[in-house]
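Each chain, written out:
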Amino acid sequence: MRRTLYLKFILAYILFGIFGFIVVATFVSNMYLDRCESTKADTLYKEATAIANSYGQDLYNSETSIDSVYRQLAALSSYNGAQIWILNPSGRVVVKSSEEIDTGSEVVVQGFNPMEMAGKLYTVGTFYGSFDEDVLTVLAPIASSYRTSGYVVMHLPMSVIQDEANQLLNIAYIELAIILLLSLIILIFFTEIVYIPLRKITQATEQYAAGNMRYPLSVESEDEMGYLAASLNYMASEIANQEDDQKKFIANVSHDFRSPLTSIRGFLEAMLDGTIPPKMHEKYLQVVLNETERLTKLTNGLLTLNSLGTKGILLNRTDFDINELIRGVAATFEQTCRKRQITIELVLTGSQLYVNADADRIQQVLYNLVDNAVKFSKDGSSVRIETTERGSKIYVSVKDSGIGIPKKDQKQIFERFYKTDLSRGKDKKGTGLGLSIVKEILKAHDENINVVSTEGVGSEFIFTLKRSALNDEIED
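Our subject in this report is the structure included herewith. In this text the structure is predicted, and so the values were computed from the model without any measurement.

### Examining unusual backbone geometry
Positive phi, close to 60 degrees, is recorded for serine 62, a residue that is not glycine. In this structure, serine 62 sits in the loop between α1 (5–60) and α2 (66–80). Serine 62 sits in the exposed class, given a relative accessible area of 65%. For glutamine 341, which is not a glycine, the phi torsion comes out positive at approximately 60 degrees. Tracing the backbone shows glutamine 341 in the loop between α7 (334–340) and β7 (343–347).

Shown next as structure tokens:
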């Protein structure tokens, strides 16, 4: 925007005012003048016709005297401001309202030709040189004995008509000025409602482009401009959070990779320089192997999260027996549980319970949850896996009797690399990615997972799956 939009709007407003005055001064002025001319001509013609049909006919029919007609015309002239003449067809002036004609002398309008006004309501000019200024002239014939005996001619100075037109024009100027003042309200509203918020948004976007995602953007408005500002604010906040998560992610990855690499390097250097004697090599090579397995597990977990987090992940949805899948996962922990005297208790609904999901992904979810449950359970305790059918959903629960999760950590356990303080002592080989993978897989299925945990008592993870229609066929 670069602060040019407002200047353009101001320039448009000024140009509107200038062109408005130009239009009023030219087109509107001529329109008013033409209107006043035609209106006055129509009025004068009606008066001239009335005079011709009354005083004019009486005069030519010898029913009244010239002096009487003169006095009547003088009175009418003082009323309407126009000069009233009575002319013979030859152009000789019989009566003038402006002066009394000497009967001993003859006043003739040279070149008078009534045919020139045939088809015209009025003419504008000096009336054959009779006036020093332009006048508006109308002419009405006086009929006597079925022939034209003379003419009533009325003259009104154009300066009078121009003054009347100017008065109307002044009203037009005042109206234009009022319109311009009222349109200032639009400019003020544009400034407050559009320009100022838009300028704030522009400044904010410049800050965001420069990397300052914490720049505050405040636009107090309930319209589209306020919605735009709120959306930008939310976008910047999300980007800032993603940047923080990215920094945290990189720091966690660096830490989790550095620890095993440092351990591997330390043991190998100690074996090479003789610090660790050859008879102890097997023991420490096993430690090195465990660390490499940890790195492999960490790498695989990151790759899994990356694939799950990709938009548009494809799931191989099928109908399968979740009870059978649970039995299979539980069997893989048989050896580990026997060593620690941990029992896995299966409380399954029915012999078969079908769900619609990606079997391989759900197997990974169950494996991670059972692995955590066994890992954090006390020796000699039990892990309970239960399935429940409610409406169109199947609920799967994995419950342990372990160390539990502190309440303050329960909202963060699904974040990548997150480990509670209680788990750090027991989870020597953990990567902090297991629950993140669980969360992403269930999110891809549009399902939810919740945790109920009490510190020192144990934890229960409950997730949902879509019920399969095959269950109805089994029941039938």
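Picking up after the structure, the text goes on.
### With respect to the pattern of salt bridges
Under the definition given, this model contains twelve salt bridges. When the shortest N-O distance is used, the salt bridge between lysine 40 and glutamate 164 registers 3.9 Å. Placement of the pair is lysine 40 in helix α1 and glutamate 164 in helix α3 (residues 158–209), with a sequence separation of 124 residues. In this structure lysine 40 comes out as partly exposed when scored by relative accessible area, which is 28%. Residues glutamate 386 and arginine 384 are paired through a salt bridge, measuring 3.4 Å at the closest nitrogen-oxygen approach. Here the residues in one salt-bridge network are Glu345, Arg384 and Glu386, joined through shared partners.

### Section: the nonpolar core
Core analysis: the biggest nonpolar cluster contains 35 residues, and Ile322, Ile362, Leu366, Leu369, Phe463 and Leu465 have the highest contact counts within it. Among the secondary structure elements, those contributing two or more residues to this core are α6 (322–332), β8 (354–358), α8 (359–376), β9 (382–390), β10 (393–399), α10 (434–444), β11 (449–454) and β12 (458–467). With seven residues, α8 is the single largest residue contributor to this core. Not counting residues up to four positions away in its chain, the partners in contact with phenylalanine 463 are Val365, Leu366, Leu369, Ile394, Tyr395, Val396, Leu442, Asn448 and Ile449. Listed in part, the 25 residues of the second largest apolar core include Ala41, Val69, Ile142 and Met154.

### Looking at the environment of valine 108
Tracing the backbone through its elements, the reader meets valine 108 in the loop between β2 (93–96) and β3 (123–125). By relative accessible area, which is 31% here, valine 108 ends up partly exposed. When near neighbours in sequence (up to four residues on either side) are disregarded, valine 108 contacts Ser90, Gly91 and Arg92.

### Details of a nonpolar patch on the surface
A surface patch of nonpolar side chains, amounting to about 550 Å² of accessible area, comprises Leu11, Ile14, Leu15, Ile18, Phe19 and Ile22. As for its position among the elements, isoleucine 14 is in helix α1.

### A look at the sheet that holds β2
Here we have five strands laid out as an open sheet, ordered β2-β1-β5-β4-β3, and antiparallel in their pairing. Edge positions in the sheet fall to β2 and β3, since each of these pairs with one other strand and no more. Here the average twist between neighbouring strands, direction ignored, is 30 degrees. The sheet contact formed by strand β4 (residues 135–144) and strand β5 (residues 147–157) spans ten bridges and is antiparallel. Note on β5: the bridge partner recorded for proline 141 is tyrosine 151.

### Points about α3
Considering bend angle alone, the principal kink of α3 is centred on threonine 191 and spans about 40 degrees. Backbone geometry just downstream of α3 places glycine 211 in the positive-phi region, at approximately 100 degrees.

The rules we used
Residues numbered from 1 in each chain as written. Predicted model: local features only at pLDDT ≥ 70, side-chain atom pairs only at ≥ 80, totals over all residues. Heavy atoms only, no water. Helix = DSSP H or I, 4+ residues; strand = E, 2+ residues; numbered from the N terminus. Buried < 20%, exposed > 50% of the residue type's maximum accessible area, 1.4 Å probe, protein only. Salt bridge = Lys/Arg side-chain N within 4 Å of Asp/Glu carboxyl O. Core = buried A, V, L, I, M, F, W, Y, C linked by side-chain atoms within 4.5 Å. Contact = heavy atoms within 4.5 Å. Patch = residues over 30% accessible without salt bridge, like charges linked within 9 Å, V, L, I, M, F, W, Y side chains within 5 Å. Areas by Shrake-Rupley, 256 points an atom, 1.4 Å probe, with all protein chains shown as cover. Pairing = 2+ DSSP bridges. Axes fitted to C-alpha atoms, helices over the stretch in contact; angles between N-to-C directions. Bend = angle between axes of the 7 residues up to and from the residue.

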